[in-house]
Amino acid sequence: MVLLSLLYVSVAAELSLLGQTKAVDVIYGLKVVGGTAYTAAGASGLVAVDVKKPDETKELWRVETGGGARGVDVAGDVVYVADRGSGLQIIQKGSVVGQYSEPCIGVQVSGGVAYLRSNLGDVFAIDVADPTTPELLGKYNESFAESLFVVDTTVYTTASNGSNGATRDLNIIDFSNPSSPVLLGSLSTNLTYHIGNIFVDDDTAYLATGVGFLIFDVADPSSPSFRLEYKHVLTMDIYVANHTAYLACNGVGSSKRGFSIVDVSSDPPLLLGERVATQNRLVQVEGGVAYVASNGIEVLDVRTTSNPTLLGEFKPPGGFTRGVAVSGDFAYIVGDKTVLRVVDISNPLAPTVVGSYGGTTWARAVQVVGSTVYVASCRYFFVFDVSTPHQPRVLGTYETNGKYQYCALSMDVIGTVAYVGTHSDGFEVLDVSSPSNIKRVGKYDLSRCNGVLVSGTTAYVVSSRGLTLIDVGTPSAPMLISNVRTGTSQGVTGSGTTIYVAGRTGLTIVDVSTPSAPSIVGNFATPQATGVKVVGEIALISGSEGLQLVDVSNPSAPTLIDGYSKSAFNGIAVMGNLAYMAEVGMSVIEVWNGTLAPPTAEPTVAPMTPAPPTPAPATPAPPTPAPATPAPPTPAPSTPAPRTPAPATPAPSTPAPPTPSPRTPAPRTTAPATEAPRTASPATPAPGTSVPATTSPTLSPAGGNGGDKKTLAIVLIVLGVALVLVISMAAGVWWWKNKYGGGGGANEVAMGETSKTLPSERQV
């Protein structure tokens, strides 16, 4: 056991975040004050943006609020954030100074009172005269308030009415006595479709709707009355100043009306001008400048209402990252708002986006092979050339119908064949030998294919049905081998004859040594696991609990080692001592530390077909009285190539191999990112022909080459040295105890043996 502790890496005492890309989630709340735009940006928290110079916008700072920021307001130098599950977060000078725990999705501050729209739709009045100690003043039980606007102590809301939850009422509530709020008046809107935000100007209320906006007379709060409806496109937000309405619209379909200006002094209202955009969520106007937000912020000159003009914009990489792959000094991330982003990770403390390929499609999976990157998205399967990382270039695409139900969700590319899992169009086999002319050569009907791993002639596909094994030996006719119910699953990886599945209920470990009868051998419970990597005998799991490191040396009893739970993650890649986590952007987390190298610099992939016989490297003969000389070269057996070199020391006459010994200390940050070559399972198909089958039906064994006697001899030598160390240490302890009466020793956890070749591992 001492030998195991000596040779295996130690897990970091505390997993630490080293760096992040500066991505921004969808902006749900906006408040512009004094040249700074404060945005409630969902999972990104509160993000403050400098908009003083519209053509030079930049992020100033952010606070990770933790619950999912949905609303924001500012009073003086204090920022109030409605942070969904985490409640009201009160922030001053970039730090949280106070909290109120009621979950909320909207906030507006008036006269030292913060009015909250709770997750359940009730309205709370919170005393924030002292921001560090907010206190509840009163509450009004609404029937799911959908919007909120405050004028002094009068609160205007829209809410589902009690008699028919499908329609909405306009409610006016008096909070002058906050401990006993009173309903002043109510009016049914008869709306059964989308309700946006409400805005009150003087004696008039404006309500954004799914087809424009409504205007109400609220001069008499006890008897509000409907004035008129203005038909337009789906309107999310409305801001009114000087009898002019500024609309943030979702420009769906052919209209593309993302921003509109309407004269509301005329009857009927008159459209003055508009700007083409696909989607906007929020709008605020100050001094002839409109700030329009959704996935970023546009700054518009609206002094000429007939021609709103773009002055500048804040467009950081946005949306959730769904997949990540790493190679060399670059990570490749895909997600909701940009098809592909290239991130320079040469300095893990400051990962930087250096290139991207835009688009409106949602991307879900990414794989890098050399200078080629493959991306599975909701409209296309992409092939990119990234030989120039700053300018990724599309080599070809394969259209997946363009509808959500046909989204490509996952993939595994082997040589010139891509195995692609879709949402509802099945498991597809694509010929990618000519990226400009990608063709489908085979298909197997299976829905919601969230993860794909291919080895030999077997595809391991995880979906809503669990783990499905598919024979792809004849690519034109994939056939079912077996299925095991692992629950709804998201990610899959493999080592030897063991498959690891990440899913809704956690990690499931499956023995596939008999492909026709796979069996579950172990489980590790954790909610909403999204991805898994296995390095040595440690599984790294991404999910709603963050990053968890689990000892899987005993598959029937996996054990938690450590975790990082400050963020939820959608996927994971591992290189060297770092884990690259997909979330809103990408986070870099140190997972190994100490002076020893991590179990492997880069998880390698077992070749899909036997490696051709090659001469074995010259190694010293076993020790004999005669001088040591290199053994003559002998051909290696025709078996899959070992995943890591044997830790042999070359003879003096033999040049040292380029790969460092497992005992060599590794740098903390940048181990080589090269992936072991993968021989294509099927050969390159000619146009119009099917892809031939391969010969290796299962994953490569978890150990080394098995028949290498030199490796066995070296292992025995290492074990002998270790035995001497054990005896020496025991003697030292005995001497110490007899001399000083002391005791004790190192208390290290053995993770496994590096004297055997590390397992092959793939992340999908």
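Basis of the calculations
Residues numbered from 1 in each chain as written. Predicted model: local features only at pLDDT ≥ 70, side-chain atom pairs only at ≥ 80, totals over all residues. Heavy atoms only, no water. Helix = DSSP H or I, 4+ residues; strand = E, 2+ residues; numbered from the N terminus. Contact = heavy atoms within 4.5 Å. Core = buried A, V, L, I, M, F, W, Y, C linked by side-chain atoms within 4.5 Å. Buried < 20%, exposed > 50% of the residue type's maximum accessible area, 1.4 Å probe, protein only. Phe/Tyr/Trp six-rings, centres within 6.5 Å; stacked < 30°, edge-to-face > 60°. Disulfide = S-S within 2.5 Å. pLDDT = per-residue confidence, 0-100. Pairing = 2+ DSSP bridges. Axes fitted to C-alpha atoms, helices over the stretch in contact; angles between N-to-C directions.

### Section: the overall build of the protein
Then, in step 1: If you tally the helices and strands in the protein, you get two helices and 56 strands.
Then, in step 2: Restricting to contacts in the protein with at least 6 residues of sequence separation, those with at least 24 account for 47%.

### Looking at the nonpolar core
Then, in step 1: Grouped together as the largest cluster of nonpolar side chains are 39 residues, with contacts concentrated most on Phe213, Ile238, Phe259, Val283 and Val302.
Then, in step 2: With five residues, strand S23 (residues 244-249) is the largest single contributor of residues to this core.
Then, in step 3: In contact with Phe259, other than residues within four places in its own chain, are Tyr246, Leu247, Gly273, Glu274, Arg275, Asn280, Val283, Ala290, Val292, Leu300, Val302 and Pro308.
Then, in step 4: In this structure, Leu30, Val32, Val49 and Ile297 belong to the second largest nonpolar core, which totals 16 residues.

### Structural notes on the packing of aromatic side chains
Then, in step 1: All told, the structure shown has 13 aromatic pairs when counted by the stated rule.
Then, in step 2: Ring plane angle 65° and centroid distance 5.6 Å describe the contact between Tyr380 and Phe382, whose orientation is recorded as edge-to-face.
Then, in step 3: Owing to a relative accessible area of 22%, Tyr380 belongs among the partly exposed residues under this scheme.
Then, in step 4: Relative accessible area serves as the criterion here: at 4%, Phe382 is assigned to the buried category.
Then, in step 5: Each member of the aromatic cluster is reached from another via a ring pair, and the members are Tyr357, Tyr380, Phe382 and Phe384.

### So, the side chain of Asp412
Then, in step 1: Inspection of the secondary structure assignment puts Asp412 in strand S38 (residues 408-414).
Then, in step 2: Judged by its relative accessible area of 0%, Asp412 falls in the buried class.

### Thoughts on the state of the cysteines
Then, in step 1: Inspection of the entire model under this criterion finds one disulfide.
Then, in step 2: Two residues, Cys378 and Cys407, share a disulfide whose sulfurs are 1.9 Å apart. Residues Cys378 and Cys407 are joined through a disulfide that is right-handed, its torsion about the S-S bond being 110°. Here the residue Cys378 occupies a position in the loop between strand S35 (372-377) and strand S36 (380-385), and Cys407 occupies one in the loop between strand S37 (393-399) and S38, the gap between them amounting to 29 residues. Like Cys378, the residue Cys407 is buried in the burial classification.

### Regarding unusual backbone geometry
Then, in step 1: Put simply, Asp267 and Pro268 share a cis peptide bond, and its omega is 10°.
Then, in step 2: Looking at the element boundaries, Pro268 is found in the loop between strand S24 (257-263) and strand S25 (270-276).
Then, in step 3: A positive phi is found at Lys93, a non-glycine position, where the angle reads about 55°.
Then, in step 4: Following the sequence through the fold, Lys93 ends up in the loop between strand S8 (88-92) and strand S9 (95-100).
Then, in step 5: The class of Lys93 is exposed, set by a relative accessible area of 77%.

### Quick notes on the confidence of the model for the protein
Then, in step 1: Residue-level pLDDT values for the protein average 78, and 71% of them are 70 or greater.
Then, in step 2: This model gives residues 594-710 a pLDDT under 50, and the stretch forms 210 contacts once residues within four places in sequence are excluded.
Then, in step 3: Here residues 736-764 is a poorly scored stretch, pLDDT under 50, and it has 79 contacts once near neighbours within four places are set aside; other chains count.

### Focus: the sheet that holds strand S31 (residues 330-335)
Then, in step 1: As summarised here, the arrangement of the four strands in space is S30-S31-S32-S33, forming an open sheet in which the pairing is antiparallel. A strand with exactly one partner marks an edge of an open sheet, and here the two such strands are strand S30 (321-327) and strand S33 (352-357). Across the sheet, the axes of successive neighbouring strands diverge by a mean angle of 25°, strand direction being ignored.
Then, in step 2: Pairing of S31 with strand S32 (residues 340-344) involves four bridges; the strand directions are antiparallel. Across the sheet, the residue bridging to Ala331 is Val343, located in S32.

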